[in-house]
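Below, each chain spelled out in residue letters.
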Amino acid sequence: MNSTEVILQADKIQKIFPSKEGDVRAVDGVNLDLISGEVFGLVGESGCGKSTLSRLLLRLLDSSGGSIKFKGEDITGFDKKQLKMLRRQMSLVFQDPHTSLNPRMTIYDNLARPFKVHNLAEGREEITVEIVRLLKSMGLQAEHMIRYPHELSGGQKQRVVVARALAVDPEVVFLDEPTSALDVSVQAKILKLLAKIKDEKDLTYFFISHDINLIRVISDRIGVMYLGRMVEQGEVAGMFKEPMHPYTRGLFSSVPEPTPARKLDSVLMGEVPSPVNPPSGCHFHPRCPEKMAICEQESPVFNYRQGRKVACHLYNLD
Amino acid sequence: MEDTLTYEEIKKDIDNLKQEKTSQLALVWSRFKRNKLALIGGIIVLIMVLIAIFAPVLAPHDPYRTAPLRRLEAPSFEHPLGTDAMGRDMLSRLIYGARVELSIGILIILFEGTIGITLGLLAGYFGGWVDSVIMRLVDILRSFPVIILAMAIAGVLGQGVYNVVIALGIVGWTTFARMVRSKILSIKESDYVEAARSIGESTPSIIIRYILPNAVSTAIIMVCIMMPTALIASATLSFLGLGVQPPIASWGSIISAGRDYLLQAPWISTTAGLFIMFTVLGFNFIGDGLRDAFDPTADRS
Amino acid sequence: MMSPILDINDLYLSFSTEEGELEAINGLNLEVEQGKIHGLIGETGCGKSVTGRTVLGLFDSNTMIKGGEILYNGDDLLSKTQHELQRDYRGNEIAMIFQDPGSSLNPVFKIEDQLDEVLRIYQPGKKAERRKKMIAALNAVKLPDPERLLKKYPHQLSGGMKQRVMIALNLACQPSLLIADEPTTALDVSIQAQFINVLKELQKEIDITILYITHDMAVVSEICDQVSVMYAGRIVEDVSMEDLFNKPVHPYSKLLVSSVLGPETNIDNLVEISGSVPRLINPPPGCRFHPRCEHMKPECKEEPPVLKEVAPGHQVACFKEDLS
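Residues numbered from 1 in each chain as written. Chains lettered and ligands numbered in written order. Predicted model: local features only at pLDDT ≥ 70, side-chain atom pairs only at ≥ 80, totals over all residues. Heavy atoms only, no water.

1. Some points on the overall build of chain C
Item 1. When you go through chain C residue by residue, the secondary structure sums to 11 helices and 12 strands.
Item 2. Here the C-alpha atoms of chain C give a radius of gyration of 21 Å, agreeing with the 20 Å that 2.2 N^0.38 yields for 324 residues.
Item 3. Put simply, of all contacts in chain C between residues at least 6 apart along the chain, 65% involve residues at least 24 apart.
Item 4. Summed over its atoms, the accessible surface of chain C is roughly 14,200 Å², and 49% of this surface lies on carbon and sulfur atoms.
Item 5. Charge-centre separation for chain C: the mean point of 33 positive side chains lies 8 Å from the mean point of 47 negative side chains. (Helix = DSSP H or I, 4+ residues; strand = E, 2+ residues; numbered from the N terminus. Rg over C-alpha atoms; globule rule 2.2 N^0.38 Å. Contact = heavy atoms within 4.5 Å. Areas by Shrake-Rupley, 256 points an atom, 1.4 Å probe, with all protein chains shown as cover. Lys, Arg positive; Asp, Glu negative; His and termini not counted. Charge placed at Lys NZ, Arg CZ, Asp CG, Glu CD.)

Quick look at the structure:
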């Protein structure tokens, strides 16, 4: 497969939620290319719109503007039937394994649904064999089939959730903080498992997390969002070596490093402003240590600078 | 290796396991059982139901046969709970009264439940104007005093058992609708419903497979909690002379008939009152017990 | 060496549950030295939060204390009544902040009223005086524009600000010991970083002792002086923060340290920990870590190892011969 084939592409995608105090621009003109076979990590603080962006790309939410292309085809106008086909190509793993399985269905029934919905296997026998195969590939046993979700541990449940996302044999899997509800010892197992499956099935991952250390471990490329906008995007190594956008810099330096000798020094000051009335121009300017006059007036364009995409006026000057 | 798995092998393993495994219902039952009050409530209600079913066998006398010479007799061996103002055997009347009272209660709950659950489901799932219309109707109906509204309706429709059911049901469904709606709203926002959408489930399938099964426990608990209200309200209407008409025995009408003889024959009103009290208590205990037994938070941690 | 401000000895605590007795704390020994930030670290269900709450006598109804003592400056807190704890210890001697800052503040009162309520009890005097103190307290936790903040309601503040108000509120009565139970878990990284810096500075300024409960090794490395590693209801290692990262001794501490995601970690060298935390209803006998331990010996199944000093300020509970 061509290594730079773009599998999912978002162009100026937007989502506006009306609220009593005014419109909330949860996602405000985001451009994104997801390359086939990569792990794209999306980071940002709570309320930056990363979960909303993933739901837009999955077409679980309708966008307010912009276009999304899956393998070159615009999916924003898809009807019910086309959407159902799309659900086989992109799937979603949730953050909290305790709430993302139907508590009144056994693990068997939870996992059988994707097969039945898309007619991927026929009859109880075929479905059972498929489910057991899935469970085993997740490190679970056939006997887990007859259990209810509450009888399983958090780590086991999350394996079932991953299994359900893989049942449709998708090409892109969205992982929305898949390990943040789990303990460190379980987290490592799930991450390894995800990496193994990705290689075996040739998947593309869209990995959302607020844990920057984790994103660094798992991703090939990362994107940083702030108040509904993408502020920087690039290869993981380069981004961590030399973050360009002042927000990225501040965010990375706020991450506690598990090294006794190194302490937090220059942390990001202030708080994320309300998305109802975001600051003019560059949303980040009130907190930016390198603010210039232009930042208050004009929104910076998100474009390639020095081999990386950045939205910052600092890099217009060269 | 994985490909060598056959259905027969898996099935054998699973069948062995299934025999050891307790079902979800059994789990609820085992929790319910451990709750002493709930168990007592269950026994009381069971006894009442059995009394109602086997009334003709259990009743020592014909509840309608009057004996003018033996009116207002105190409890004796022949009439364990005495006789009423027309000389009818009180125990037999109370036993037949259980039939009437419970059937009316069940009818009211069926009526309220069907309307309330359906409308609550529609309001909760579809939201928007559907929700607004239904919930405003609920608000309007709930702003009337229940008994007075029921009296007005019974006044228009005339007296009689079925009119009592309609009169109480027209107000009572609002409680069902409210509870079911709020439950549906929380289920609709849950991760597993979003997960269902993300694997391509259709709307009817989501309602039937994901939302309804998770709302069933709420509905069952509601039935047990609403039953006492229905029983008391119907007894009240009978007491006021709007419900069950003489000579049919219902607990409410017995209390009403006994109130003229409270000093000479206190057993008439008090025994009927005790029957109502115990039945109501029984249903309340069951309702509370079921709520605890269904509580999924007990599964966590 | 100074005597410890908090000294927990052989604490045993169980919860009665549907399925039986859950032995949440099983022979816990913990010494917190005056003036230190002492970390208590462990995975979900290891009993670290329960330990913190037990110090203040905050129990659920199904809690059973099975034995042990909690000495605070030499006084056994377990022998105190709830009334005595409330009057003499909670707030004025020992303060506690929780994970969710939102639920700890009363939503119907302004910040000013909530702070004043506390100050009135401990520092009666003129309202104007107290107001000055309030502003000083908010300044101390680096909250911008305290004058305006006093007029606000909790829902108008962000999570990070609420958590700092909680600190100000707790420090207003000048306690000697602060128990912080996962105070930054619900916060974003940049807010967490601000909070950690504020807490560190405050601790130096007013010389308060902090018992910092967390599951996050990175946070431990930022803030703690001494660390106790907890596993299934017991302390398995008590060690300085530097030594925990540089030379952990207990097999479980080693696993925890190796599971930390650092700058050099990648998906291939990521350490996978085998097994999982045991259920505490019928837990494994002896050392509760033995089913997952690669150094397991026969005696590990017999009885639990006690904490032994392997170096000054470094204790380990393990039967391994080579404890270094």
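2. Comments concerning the layout of surface pockets
All names here are of chain C.
Item 1. Size it by volume and the second largest pocket reaches roughly 610 Å³.
Item 2. Taken together, the elements giving at least two residues each to the lining of the second largest pocket come down to β6 (94-97), α4 (111-122) and α7 (159-171).
Item 3. In terms of residue count, α4 provides more of the lining of the second largest pocket than any other element does, six residues in total.
Item 4. Classifying every residue of the lining of the second largest pocket gives 13 nonpolar, five polar and three charged. (1 Å grid on protein atoms, 1.4 Å probe; cavity = no way out; pocket = protein on both sides within 12 Å on 5 of 7 lines; lining within 4 Å. Points joined across faces, edges and corners; volume = space filled by probe spheres on them. Nonpolar A, V, L, I, M, F, W, Y, C, P; charged D, E, K, R; others polar.)

3. A closer look at the interface of chain A and chain C
Item 1. Contacts between chain A and chain C engage 35 residues on the former and 41 residues on the latter.
Item 2. Summing the contributions of chain A and of chain C, the shared interface buries around 3,200 Å²; its carbon and sulfur component is 58%.
Item 3. Scanning the region where chain A abuts chain C turns up zero salt bridges.
Item 4. Between chain A and chain C we count 10 residue pairs in polar contact (both at pLDDT 80 or more) in total.
Item 5. Looking at the side of chain A that touches chain C, the elements with two or more residues in it are α6 (184-201) and α7 (212-218) of chain A.
Item 6. Sorting elements by how many residues they give to the side of chain A that touches chain C places α6 of chain A first, with eight residues.
Item 7. Split into classes, the residues belonging to the side of chain A that touches chain C amount to 16 nonpolar, eight polar and 11 charged. (Buried area = accessible area lost by both parts, 1.4 Å probe. Salt bridge = Lys/Arg side-chain N within 4 Å of Asp/Glu carboxyl O. Polar contact = N/O pair within 3.5 Å; in protein donor to acceptor, adjacent residues only side chain to side chain.)

4. Points about the packing of aromatic side chains
Item 1. Applying the stated criterion to the full structure yields 13 aromatic pairs over all chains.
Item 2. Relative to F32 of chain B, the ring of W29 of chain B lies with its centre 5.9 Å away and its plane at 25 degrees, an arrangement referred to as stacked. One end of the pair, W29 of chain B, and the other, F32 of chain B, are both in helix α2 (residues 24-34), three residues apart, so they sit about a helical turn from each other.
Item 3. For W29 of chain B, a relative accessible area of 46% corresponds to the partly exposed category.
Item 4. Residue class for F32 of chain B comes out buried when judged on its relative accessible area of 8%.
Item 5. Aromatic rings pair up to connect F40, F174 and F206 of chain A into one cluster.
Item 6. Sitting over the face of the ring of F240 of chain A, R216 of chain A holds its NZ or CZ atom 4.4 Å from the ring centroid. (Phe/Tyr/Trp six-rings, centres within 6.5 Å; stacked < 30°, edge-to-face > 60°. Buried < 20%, exposed > 50% of the residue type's maximum accessible area, 1.4 Å probe, protein only. Lys NZ or Arg CZ within 6 Å of the ring centre and 35° of its normal.)

5. Focus: empty space enclosed by the protein
All names here are of chain A.
Item 1. This model, assessed by the stated rule, comprises four cavities of 30 Å³ or more.
Item 2. Considered as a void within the structure, the largest cavity measures approximately 80 Å³ in volume.
Item 3. Lining the largest cavity are 13 residues, and of these P246, C282, C288, C295 and C312 sit closest to its centre.
Item 4. The residue inventory of the lining of the largest cavity, partitioned by class, reads eight nonpolar, three polar and two charged.

6. Quick word on a negative patch on the surface
Item 1. A cluster of acidic side chains, namely E122, E125 and E126 of chain A together with E8, E9 and D13 of chain B, defines a negative patch on the protein surface.
Item 2. Elements with a contribution of two residues or more to the negative patch: α4 (123-137) of chain A together with α1 (7-20) of chain B.
Item 3. Examining the composition of the negative patch, we find that three residues originate from one element, α1 of chain B, more than from any other.
Item 4. Mapped onto the elements, D13 of chain B comes out in helix α1. (Patch = residues over 30% accessible without salt bridge, like charges linked within 9 Å, V, L, I, M, F, W, Y side chains within 5 Å.)

7. A word on unusual backbone geometry
Item 1. Positive phi values are uncommon outside glycine, yet E177 of chain A reaches one of about 50 degrees.
Item 2. Of note, E177 of chain A is situated in the loop between β7 (172-176) and α6.
Item 3. Looking at E177 of chain A, the relative accessible area reads 8%, which means it is buried.
Item 4. A positive phi angle is found at E182 of chain C, which is not glycine, with a value near 45 degrees.
Item 5. Tracing the chain through its elements places E182 of chain C in the loop between β7 (177-181) and α8 (189-206).
Item 6. Given the relative accessible area of 8%, E182 of chain C is considered buried.

8. A closer look at the side chain of T265 of chain C
Item 1. Along the chain, the position of T265 of chain C falls in the loop between α11 (251-258) and β11 (308-311).
Item 2. For T265 of chain C, the side chain forms a polar contact with the main-chain nitrogen of G262 of chain C, separated by 2.7 Å.

9. Regarding the state of the cysteines
Item 1. In this structure the tally under the stated criterion is zero disulfides over all chains.
Item 2. Considering cysteine sulfurs only, C288 of chain A is the nearest to C312 of chain A, which forms no disulfide, with 6.2 Å between them.
Item 3. Note on C224 of chain C: no disulfide assigned, nearest cysteine sulfur contributed by C46 of chain C at a separation of 14 Å.
Item 4. Its relative accessible area of 4% is what places C224 of chain C among the buried residues. (Disulfide = S-S within 2.5 Å.)

10. Notes on the sheet that holds strand β1 (residues 4-17) of chain C
All names here are of chain C.
Item 1. An order of β2-β1-β4-β5 is seen for the four strands of this open sheet, with the pairing classed as antiparallel. Strands with a single pairing partner mark the edges of an open sheet, and in this sheet they are β2 (20-33) and β5 (75-76).
Item 2. In the sheet, strand β4 (residues 63-72) pairs with β5 via two bridges, with the strands oriented antiparallel. Paired with Y72 across the bridge in β5 is D75.
Item 3. Together, β1, β2 and β4 form the strand contacts of helix α1 (residues 48-55), whose direction differs from that of β1 by roughly 115 degrees. (Pairing = 2+ DSSP bridges. Axes fitted to C-alpha atoms, helices over the stretch in contact; angles between N-to-C directions.)

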